[in-house]
Amino acid sequence: PASEELDNITNYLLEQRRRHWRNTYESSLILETILPRLLSKKEEHSKPGLQLSGLTTETVAAFPFENTVRGGVPLTITKSGRLPVYFTAYQESWNPDPPRTEGAFVVSTTFEHASGNLKAGKPVQLIVEVEVKKDAEYVMIEVPIPAGCSYASKVRSSTNGEVHREYFSHRTNIYCEFLKKGTYSYSIPLLPRYSGTYTLNPAVVECMYFPAIYGREGVKGVRID
């Protein structure tokens, strides 16, 4: 293979090592193959580095590295060294009125047996209906909780593909390892506590490792008497 292809193969094997390869025999074969090349090209396989240029210029030589930069400013990244660097960049923004989105998932939230306003002090179930358009793995269902409510109880379930549930003050996360195509229902016991008008933020269903695959409910209003 060409020199560049050999370098890529070598980098892949080094990346796969982590602490060790799968077994001693495999380790010996890999070292026998790549070590002579590494020793002969020692300088080329020096530790990688990054140079980040924006408002200021910063040189990074120790990894992992994490930083936050101000939006709206061009960012230039320059890498040195032959070994690879896995680089991820993302931005966050606040959407005050996210529309309902139906894709691989369709999600809706309703209050069970609540035809009108909720009553303070009267427990109610927040029902989450999820339609899965095709089989999906490692699914997270994020369900915001209205500000005027607290939890009536923090139940756990092993039905409908659920393997774990986390209760936060403002939302509940439900985790499913595998969901076949179909419709699923989940419930969250709430206790309305404070009268007033509140916003029920959109529930979101997404593949944890591919968050671009998702479905989202629309914004709703909640009244507590």
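Parameters at a glance
- For every chain, the first residue of the written sequence is number 1, and numbering continues from 1 onward in sequence order.
- Restriction of local features to residues with pLDDT of at least 70 applies here, the model being predicted, together with a cutoff of 80 or more for giving and counting side-chain atom pairs; totals for whole chains, interfaces and linings are based on all residues.
- To obtain the side-chain values, all non-hydrogen atoms of the structure were included, while hydrogens and water were left out.
- We call a set of buried residues a nonpolar core when its members are Ala, Val, Leu, Ile, Met, Phe, Trp, Tyr or Cys and they connect through side-chain atoms within 4.5 Å of each other.
- Buried residues are those whose accessible area, probed at 1.4 Å on protein chains only, stays under 20% of the maximum for their type, while exposed residues exceed 50% and partly exposed ones sit between those limits.
- A helix here means a DSSP run of H or I that spans at least four residues, while a strand means a run of E at least two residues long, and both kinds are numbered starting from the N terminus.
- Contacts between residues were defined by any pair of non-hydrogen atoms, one from each residue, lying within 4.5 Å.
- Each residue after the first adds 1.5 Å to the expected span of a helix.
- By definition, the arc is the one covered by directions from the helix axis to the C-beta atoms.
- DSSP calls a pair of strands paired once it identifies at least 2 bridges connecting them.
- Inter-axis angles, ranging from 0 to 180 degrees, are taken between N-to-C directions of lines fitted to C-alpha atoms, where helices are fitted over the stretch in contact.
- In these notes the angle categories are as follows: under 35 degrees is roughly parallel, over 145 is roughly antiparallel, 65 to 115 is roughly perpendicular, and the rest is oblique.
- Handedness of a helix crossing follows the sense of rotation of the near helix relative to the far helix, less than a right angle counterclockwise being left-handed and clockwise being right-handed.
- Residue classes follow a fixed rule: Ala, Val, Leu, Ile, Met, Phe, Trp, Tyr, Cys and Pro count as nonpolar, while Asp, Glu, Lys and Arg count as charged, and any other residue, Gly among them, counts as polar.
- Here a polar contact is recorded for every N or O atom pair within 3.5 Å, except that within protein the pair must consist of a potential hydrogen donor and a potential acceptor, and residues adjacent in sequence are included only if both atoms are side-chain atoms.
- Bending is quantified residue by residue as the angle between axes fitted to the seven-residue window ending at that residue and the seven-residue window starting at it.
- Criterion for a disulfide: a pair of cysteine sulfur atoms at a distance within 2.5 Å.

With that settled, consider the nonpolar core. Counting 31 residues, the largest nonpolar core has Ile141, Tyr186 and Leu190 as the members making the most contacts within it. With five residues, the top contributor of residues to this core is strand 5 (residues 124-132). Here Tyr186 is in contact with Leu126, Ile127, Val128, Val130, Ile141, Thr159, Asn160, Glu162, Arg165, Ile174, Cys176 and Leu179, once residues within four sequence places are set aside.

In a regular helix each residue adds 1.5 Å, so 15 residues correspond to 21 Å; helix 1 (residues 3-17) covers 21 Å between its end C-alpha atoms and thus fits that length. Buried within helix 1 we find Asp7, Thr10 and Asn11. The arc that holds every buried residue of helix 1, seen down its axis, measures 100 degrees, which confines them to one face. Where helix 1 is buried, its residues touch helix 2 (24-40).

The strand order 8-9-6-12-13 describes an open sheet built from five strands, whose pairing is antiparallel. Of all the strands in the sheet, the pair left with one neighbour each is strand 8 (162-167) and strand 13 (210-216). When the angles between neighbouring strand axes are averaged without regard to direction, this sheet yields 20 degrees. Bridge analysis of strand 8 against strand 9 (residues 171-179) gives five bridges, and the strand direction is antiparallel.

Before going further, it helps to spend a moment on the packing of helix 1 against helix 2. Viewed as axis vectors pointing N to C, helix 1 and helix 2 meet at an angle of 125 degrees, and their least axial separation amounts to 11 Å. With respect to each other, helix 1 and helix 2 are oriented oblique. When the axes of helix 1 and helix 2 are compared, the crossing they make is left-handed. Residue-level inspection shows Ser3, Leu6, Asp7, Thr10, Leu13 and Leu14 of helix 1 in contact with helix 2, the latter providing Ile30, Ile34, Arg37 and Leu38. Split by residue class, the contact of helix 1 with helix 2 holds six nonpolar, two polar and two charged.

Glancing now at the side chain of Asn173. Position of Asn173 among the secondary structure elements: in strand 9. For Asn173, a relative accessible area of 2% gives the class buried. At 3.3 Å, the side chain of Asn173 forms a polar contact with the side chain of Tyr175. Ignoring sequence-local partners within four residues, the contact set of Asn173 consists of Met140, Ile141, Glu142, His164, Arg165, Glu166 and Phe168.

A few words now on the sheet that holds strand 10 (residues 182-192). Taken in spatial order, the four strands of this open sheet run 4-5-10-7, and their pairing is antiparallel. Edge strands, defined here as strands with exactly one partner in the open sheet, are strand 4 (105-111) and strand 7 (149-151). Averaged over all pairs of adjacent strands, the angle between strand axes in this sheet comes to 35 degrees, irrespective of strand direction. One ladder, built from seven bridges, connects strand 4 with strand 5; its direction is antiparallel. Bridging across to strand 5, Val106 finds its partner in Glu131.

What follows deals with helix 2. For helix 2, with 17 residues, the first-to-last C-alpha span of 24 Å sits near the 24 Å given by 1.5 Å per residue. Along helix 2, the sharpest kink reaches roughly 40 degrees, centred on Ile34 and followed within four residues by the proline Pro36. All of the buried residues along helix 2 are Glu26, Ser27, Ile30, Ile34 and Leu38. Next to the buried residues of helix 2 lie helix 1. By the N-cap criterion, in which a side-chain oxygen at the helix start approaches the backbone nitrogen of a residue two or three places on, helix 2 is capped by Asn23, the distance to Tyr25 being 3.2 Å.

Moving on, we get to the state of the cysteines. In the structure shown here, the tally under the stated rule is zero disulfides. Here Cys207 stays unpaired: no disulfide links it, and the sulfur of Cys176, its closest cysteine neighbor, is 11 Å away. Given a relative accessible area of 9%, Cys207 falls into the buried group.

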